[in-house]
Amino acid sequence: MVSRYTPVAVGGVALLFAAVTACSPVEDESPTATASSAAADACAPGSLATLTPGKLTIGTDNPAYEPWFSDNKPANGKGYESAVAYAVADRLGYPAANVEWTSVTFNNAIAPGPKKFDIDINQFSITDERKQAVDFTSPYYLVRQTVITTKGSKIAGAKSLADLKGAKLGAQVGTTSYQAVTDVIKPDAQPSVFNNNDDAKAALVNGTVDGIVVDLPTAFYMTGAELDNGVIVGQLPQVGVPEQFGIVLDKGSALTGCVSSAVDQLRQDGTLAVLEKTWLAETGGAPELS
Amino acid sequence: MTYAPSTRQLERIAYRRRRAVRSVLLAALSTAVVGTLLAVAITGAPGWDRVKTSFFDPEAAAEYLPEILTGLWLNIRLLVVCAALALTLGLIVAILRTLRGPVFFPVRALATGYTYSFRGLPLIIVIYLYAFGIPGLRLQGTPDVLVLGAAAIIVTYGAYLAEVFRAGIESVHPSQIAAARSLGLSYRQAMRHVVLPQAVRRVAPPLLNDTVALQKDVGLISLAGPIDAIRAAQIGVAQDANFTPYIVAGVLFVLLALPLIGVTDWVTLRAARRQNAGT
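Residues numbered from 1 in each chain as written. Chains lettered and ligands numbered in written order. Predicted model: local features only at pLDDT ≥ 70, side-chain atom pairs only at ≥ 80, totals over all residues. Heavy atoms only, no water.

Residues and elements named next belong to chain A. Pairing within the open sheet is mixed, and its five strands lie in the order β8-β7-β9-β6-β10. This sheet does not close on itself; its edge strands, each paired only once, are β8 (192-194) and β10 (230-235). Along the sheet, successive strands turn relative to each other by an average axial angle of 30 degrees, direction set aside. For strand β6 (residues 145-150) and strand β9 (residues 211-215), the ladder comprises four bridges, and the chain directions are antiparallel. Counted as the bridge partner of V147 is V213 from β9. (Pairing = 2+ DSSP bridges. Helix = DSSP H or I, 4+ residues; strand = E, 2+ residues; numbered from the N terminus. Axes fitted to C-alpha atoms, helices over the stretch in contact; angles between N-to-C directions.)

Residues and elements named next belong to chain B. A cluster of nonpolar side chains, namely V251, V254, L255, L258 and I261, defines an oily patch on the protein surface of about 430 Å² accessible area. Here L258 is to be found in helix α10 (residues 244-275). The partly exposed category is assigned to L258, whose relative accessible area is 48%. (Patch = residues over 30% accessible without salt bridge, like charges linked within 9 Å, V, L, I, M, F, W, Y side chains within 5 Å. Areas by Shrake-Rupley, 256 points an atom, 1.4 Å probe, with all protein chains shown as cover. Salt bridge = Lys/Arg side-chain N within 4 Å of Asp/Glu carboxyl O. Buried < 20%, exposed > 50% of the residue type's maximum accessible area, 1.4 Å probe, protein only.)

Time to look at the packing of aromatic side chains. Residue and element names in this part refer to chain A. If you walk through the whole model with that rule in mind, you get 18 aromatic pairs over all chains. With a centroid separation of 5.7 Å and an interplanar angle of 70 degrees, the aromatic rings of W68 and Y141 are classed as edge-to-face. With a gap of 73 residues between them, W68 in the loop between β1 (56-60) and α3 (80-91) and Y141 in strand β5 (residues 141-142) connect regions that are remote in the sequence. Like W68, the residue Y141 is buried in the burial classification. By way of ring pairs, the aromatic residues W68, Y80, Y140, Y141, F220 and F245 are connected into one cluster. (Phe/Tyr/Trp six-rings, centres within 6.5 Å; stacked < 30°, edge-to-face > 60°.)

On to the packing of helix α3 (residues 58-97) of chain B against helix α8 (residues 187-217) of chain B, then. Residues and elements named next belong to chain B. Orientation of α3 relative to α8, taken along the N-to-C sense of each, is 140 degrees, at an axis distance of 11 Å. Taken together, the axes of α3 and α8 are oblique relative to one another. As for how α3 packs across α8, the hand of that crossing is right-handed. Counting all contacts with α3, which are made through L79, C82, A83, L87, L91 and I95, the residues of α8 involved are L196, L207, T211, L214 and Q215. Of the residues that constitute the contact of α3 with α8, the class distribution is nine nonpolar, two polar and no charged. (Parallel < 35°, antiparallel > 145°, perpendicular 65-115°, else oblique. Left-handed = near helix turned anticlockwise from the far one by under 90°. Contact = heavy atoms within 4.5 Å. Nonpolar A, V, L, I, M, F, W, Y, C, P; charged D, E, K, R; others polar.)

Take the pattern of salt bridges next. As enumerated under the stated definition, the model contains 13 salt bridges over all chains in all. Note that E276 of chain A is salt-bridged to R144 of chain A, the shortest N-O span being 3.4 Å. In this pair, E276 of chain A sits in helix α10 (residues 271-282) while R144 of chain A sits in the loop between β5 and β6, placing the two residues 132 residues apart along the sequence. We classify E276 of chain A as buried; its relative accessible area is 16%. Residue classification places R144 of chain A among the buried positions, given a relative accessible area of 10%. Counted as one network, the salt bridges with shared partners bring together R97, R119, E163, R166 and E170 of chain B.

This paragraph deals with the domain arrangement of chain A. It is common to give the size of an interface as the accessible area that goes away when the parts come together. Residues and elements named next belong to chain A. Entries for chain A in the domain assignment read domain 1 (56-143 + 244-279) and domain 2 (145-235). One C-alpha centre belongs to domain 1, the other to domain 2, and the line joining them spans 29 Å. Of the roughly 440 Å² buried between domain 1 and domain 2, counting both surfaces, carbon and sulfur atoms make up 71%. Taken together, the links from domain 1 to domain 2 amount to zero residue pairs in polar contact (both at pLDDT 80 or more). Looking at the side of domain 1 that touches domain 2 residue by residue, the classes come out as five nonpolar, no polar and no charged. (Domains from an automatic or database assignment. Buried area = accessible area lost by both parts, 1.4 Å probe. Polar contact = N/O pair within 3.5 Å; in protein donor to acceptor, adjacent residues only side chain to side chain.)

This part is about the layout of surface pockets. All names here are of chain A. Here the largest pocket defines a volume of roughly 420 Å³. As for the largest pocket, its lining consists of 14 residues, and the residues nearest its centre are Y65, E66, W68, Q123 and Y221. Ranked by the residues each element gives to the lining of the largest pocket, the list is headed by helix α8 (residues 216-226), at five residues. Split by residue class, the lining of the largest pocket holds nine nonpolar, three polar and two charged. Shared between two domains, the lining of the largest pocket takes at least three residues from each, and those domains are domain 1 (56-143 + 244-279) and domain 2 (145-235). Its boundaries defined by the atoms lining it, the second largest pocket holds a volume of some 240 Å³. What lines the second largest pocket is simply V143, Q145, Q172, T175, T176, S177, N197, V213, D215, V241, P242 and E243. Where the lining of the second largest pocket is concerned, the elements lending two or more residues are α6 (176-185) and β9. Taken together, the residues of the lining of the second largest pocket sort by class into four nonpolar, six polar and two charged. (1 Å grid on protein atoms, 1.4 Å probe; cavity = no way out; pocket = protein on both sides within 12 Å on 5 of 7 lines; lining within 4 Å. Points joined across faces, edges and corners; volume = space filled by probe spheres on them.)

Moving on, we come to the state of the cysteines. All names here are of chain A. Per the stated rule, a full pass over the model turns up one disulfide over all chains. The partner cysteine of C43 in its disulfide is C258, sulfur to sulfur 2.0 Å. One quick way to see it: the torsion about the S-S bond of C43 and C258 is about -90 degrees, and its sign makes the bridge left-handed. Taken together, the positions of C43 in the loop between α2 (35-42) and β1 and C258 in helix α9 (residues 256-268) put the pair 215 residues apart, joining distant regions of the chain. (Disulfide = S-S within 2.5 Å.)

Across the contact, 16 residues belong to chain A and 17 residues belong to chain B. When the two sides are added together, the surface that chain A and chain B hide from each other amounts to roughly 1,300 Å², 55% of it contributed by carbon and sulfur. It is V173, V193 and N206 of chain A that lose the most area in chain A upon contact with chain B, and together they represent 34% of the buried surface on that side. Here chain A and chain B share zero salt bridges between them. Where chain A touches chain B, the interface holds seven residue pairs in polar contact (both at pLDDT 80 or more). When residues of the side of chain A that touches chain B are traced back to their parent elements, those giving at least two are β8 and α7 (197-206) of chain A. No other element matches α7 of chain A, which puts five residues into the side of chain A that touches chain B. Looking at the side of chain A that touches chain B, its residues break down into eight nonpolar, seven polar and one charged.

The following block contains the structure:
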């Protein structure tokens, strides 16, 4: 039932609202005018709303694997992700001394809920599902396809794409890896296609194929942990729609915009490319094939 | 004196012809009605447009047809080789299983063990064992995975076919062997000239049926790495997120099976006619 005072109340509220909006332009003016500087202020060097003021807390898993990190010491600045983390921190106004590392398991980092880090870097692929639970920065790494083989294979010493032409290669069906074989390497022999990477790996171990193409993180894992005599031949030029790695932040974190633009700047000025070359191609042992 | 059919006979022939024409027309009409109903039901479905674009896209079909055909050629070659060898293997094993006498017990036991285990083992697992297990032994002169995968198909289907052959051999009445032996034929001669011809003729339809099944299963060789028609279609599907290549491969497989199915039907019909000859 509508009380007879309701119209009066509604009218009163409307009047009050009108009055407020009438007065507000004066207050509104300054923020809109200085929107850009305000955004810049929000990302002012060293003054982000971090967990510990003045310090940037970065999370990653323990153990932290090569070549993304080195010696399981994220704080040593060695390894691709450690280097990227310090570059981002520096860009945000946190020199190495003001960076603190904390160990967060992979699953905890992308689970919803309070976070004990400001940013987390741990080879997180950016997916829509994960975006429901956490924030991602723009990508700091686009996953590359990589040829791996075993010691003694005829392509173990290949230096260029041309050296792979005569090889019998394998890849998983429906993947960017298979696309890399057919579109980038274009071998003379028909490639072998497998249901999954485990089958491809088995064929490689058996010598039924000379080499297989997998993405770089898988290549590091296979040659490092799974294959006894695994060798990374090299990374292929970018192909297809690559998987992207992004830095994880708490859902709705105030820092996401700033960290994301820091990553963008590092990509634009070529820092990321240099770090990738240093820590993945040279130190990581995954040279570029062209 | 030349044969001149009577008026009554001519009437009879004309009547039969009218009935034949009438039944053909009726059959055509009822087929048309059923076909139209099916077409209306499928194309009238609310999701038909989406199904049409993702399953019946002529552009995608044309784009992937050459690769699927290349794959199909592999299927055809495999089919011919595997069918011939599986039939041979099946026949040999069936004969071994029917050998009499205590001396042959180990042979019978081996043959029985083989048919029991390979009829039970899923073909996929046999292919994995052969194509991934055998090269893993790193023996000298290990053949190509294609050969190994084909061998897996042959031993699996050989087990089914052996049982079909055995059923045929055992369906020949013992009096046939007794008669053959009393005529002075040895066991081997009796098998060769009396039992096997009858046995094979009796089981021809199930043998051909198994061959049709084999034709589809040769595609499982793609598990070992080679790209057959279905794998080529799968690659197309993965690239375009459109299922049309599967339909193309499916249609090609049906076309491939039609002659074999036709032969099966013909053989069955002929066998039935012979069986009932004189009745």
